[in-house]
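Listed below are the residues making up each chain.
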Amino acid sequence: MSTAAARDPAAFVTQNTAPERSTLVPEIELRLASAVVPLWQGTETELEAMGLPPPFWAFAWAGGQALARHLLDNPGLVAGRSLLDFAAGSGISAIAAAQAGAAPVEACEIDPFALAAIAINADLNGVAVRVRGDDLIGRDDGWDVVLAGDVCYERPMADRVFAWLRRLAERGALVLLGDPGRTYLPREGLERIATYPVPTTRELEDSDLRNATVWRVLPAAG
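Computed from a predicted structure; not experimentally measured.

Draft legend 1. Representation of helix α4 (residues 62-73) in the model. For α4, built from twelve residues, the straight-helix expectation of 16 Å at 1.5 Å per residue is met to within 8% by its first-to-last C-alpha distance of 17 Å. Of all the twelve residues making up α4, ten are buried; the element is thus mostly covered by neighbouring parts of the structure. The set of residues buried in α4 consists of A62, G63, G64, Q65, A66, L67, A68, R69, H70 and L71.

The structure is reproduced here in structure tokens:
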């Protein structure tokens, strides 16, 4: 894990991942961290010293997998509609949306390594996904559909994002949230759509299987 590679996000992604397919969403191939612990430990040591963020993009998290599975099984939700995948991580939900016929598809991340991973993964699957590195919370570019997977792991983030998502729902966007039971998932303002069992690893989660739910975010009251 060289300093030179860390300066080039695309090179770093390619050198530290391998193409894989998840059990739940085998239609999509992603470059992921096969040796989970070494990459994560490398981030905590070498990358931290270089001022680089943890590689959340290197794993297909349960909430994103659930969203992807749901869109592939229900393409009518997004076909022909503009879509944003917020905090897209590996890009699995955005890629699924594009495969289901959404257009244009945008994926948002503030980590340049995640942006590189999303672009690489989109190319790997032959779909068009525009990556955006700006903080879109509070913005409304008129998306028909907005996806957010695994965003409820910290209270400040969850509160800020959820308030924004409800405002988007209020003006008519279809807003879908994928979550495997994170601590700060809101207790109201959600409608359960579907639940999927997602095989996981104990290096990342507290069990070998997480039940990830796709929620529809309801409009803000008043």
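Draft legend 2. Expanded view of the packing of aromatic side chains. Applying the stated criterion to the full structure yields five aromatic pairs. Ring plane angle 80 degrees and centroid distance 5.3 Å describe the contact between F12 and F113, whose orientation is recorded as edge-to-face. Here F12, found in helix α2 (residues 9-15), pairs with F113, found in helix α6 (residues 112-124); they are 101 residues apart in sequence, far enough to count as distant. For the pair shown, F12 and F113 are each scored as buried.

Draft legend 3. How the structure looks around the environment of G133. By the secondary structure assignment, G133 is in the loop between β5 (130-132) and β6 (145-149). The spacing of G133 and A107 is 26 residues in sequence and 8.7 Å in space, taken between C-alpha atoms. The contacts of G133, once residues within four sequence positions are left out, are E109, I110 and L115.

Draft legend 4. Structural context of the nonpolar core. Counting 37 residues, the largest nonpolar core has L83 and V129 as the members making the most contacts within it. Excluding residues that lie within four positions of it along the chain, L83 makes contacts with V78, A97, A102, P104, V105, E106, W143, V145 and L147. In terms of nonpolar packing, the next biggest core, distinct from the first, is built from 24 residues, F86, W143, C152 and L177 among them.

Draft legend 5. Quick peek at unusual backbone geometry. Following A103, the chain continues to P104 via a peptide bond in cis, the omega torsion being -5 degrees. Of note, P104 is situated in the loop between α5 (92-99) and β4 (105-108). Despite not being glycine, A87 shows a phi value in the positive range, around 50 degrees. Within the secondary structure, A87 sits in the loop between β3 (83-86) and α5. Of the residues examined, A87 reaches a relative accessible area of 23% and is grouped as partly exposed.

Draft legend 6. Just the packing of α4 against α5, in detail. Put simply, α4 and α5 touch, their axes get as near as 8 Å, and they point 5 degrees apart. With respect to their mutual orientation, α4 and α5 come out roughly parallel. Residues G64, Q65, L67, A68, L71 and L72 of α4 form the contact with α5, whose participating residues are I92, S93, A96, A97 and Q99. The class makeup of the residues in the contact of α4 with α5 is seven nonpolar, four polar and no charged.

Draft legend 7. A look at the environment of D141. The residue D141 is located in the loop between β5 and β6 in this model. The class for D141 is partly exposed, based on a relative accessible area of 37%. A polar side-chain atom of D141 sits 2.8 Å from a polar atom in the side chain of R132.

Draft legend 8. Spotlight on the layout of surface pockets. Put simply, the largest pocket is a space of about 660 Å³. Along the wall of the largest pocket there are 32 residues; nearest its centre are F56, A87, E109, Y153 and M157. Elements with a minimum of two residues in the lining of the largest pocket: α4, β3, α5 and α7 (155-170). With three residues, α4 is the largest single contributor of residues to the lining of the largest pocket. Looking at side-chain class alone, the lining of the largest pocket contains 19 nonpolar, six polar and seven charged residues.

Rules of the game
Residues numbered from 1 in each chain as written. Predicted model: local features only at pLDDT ≥ 70, side-chain atom pairs only at ≥ 80, totals over all residues. Heavy atoms only, no water. Helix = DSSP H or I, 4+ residues; strand = E, 2+ residues; numbered from the N terminus. Expected span 1.5 Å × (residues − 1). Buried < 20%, exposed > 50% of the residue type's maximum accessible area, 1.4 Å probe, protein only. Phe/Tyr/Trp six-rings, centres within 6.5 Å; stacked < 30°, edge-to-face > 60°. Contact = heavy atoms within 4.5 Å. Core = buried A, V, L, I, M, F, W, Y, C linked by side-chain atoms within 4.5 Å. Axes fitted to C-alpha atoms, helices over the stretch in contact; angles between N-to-C directions. Parallel < 35°, antiparallel > 145°, perpendicular 65-115°, else oblique. Nonpolar A, V, L, I, M, F, W, Y, C, P; charged D, E, K, R; others polar. Polar contact = N/O pair within 3.5 Å; in protein donor to acceptor, adjacent residues only side chain to side chain. 1 Å grid on protein atoms, 1.4 Å probe; cavity = no way out; pocket = protein on both sides within 12 Å on 5 of 7 lines; lining within 4 Å. Points joined across faces, edges and corners; volume = space filled by probe spheres on them.

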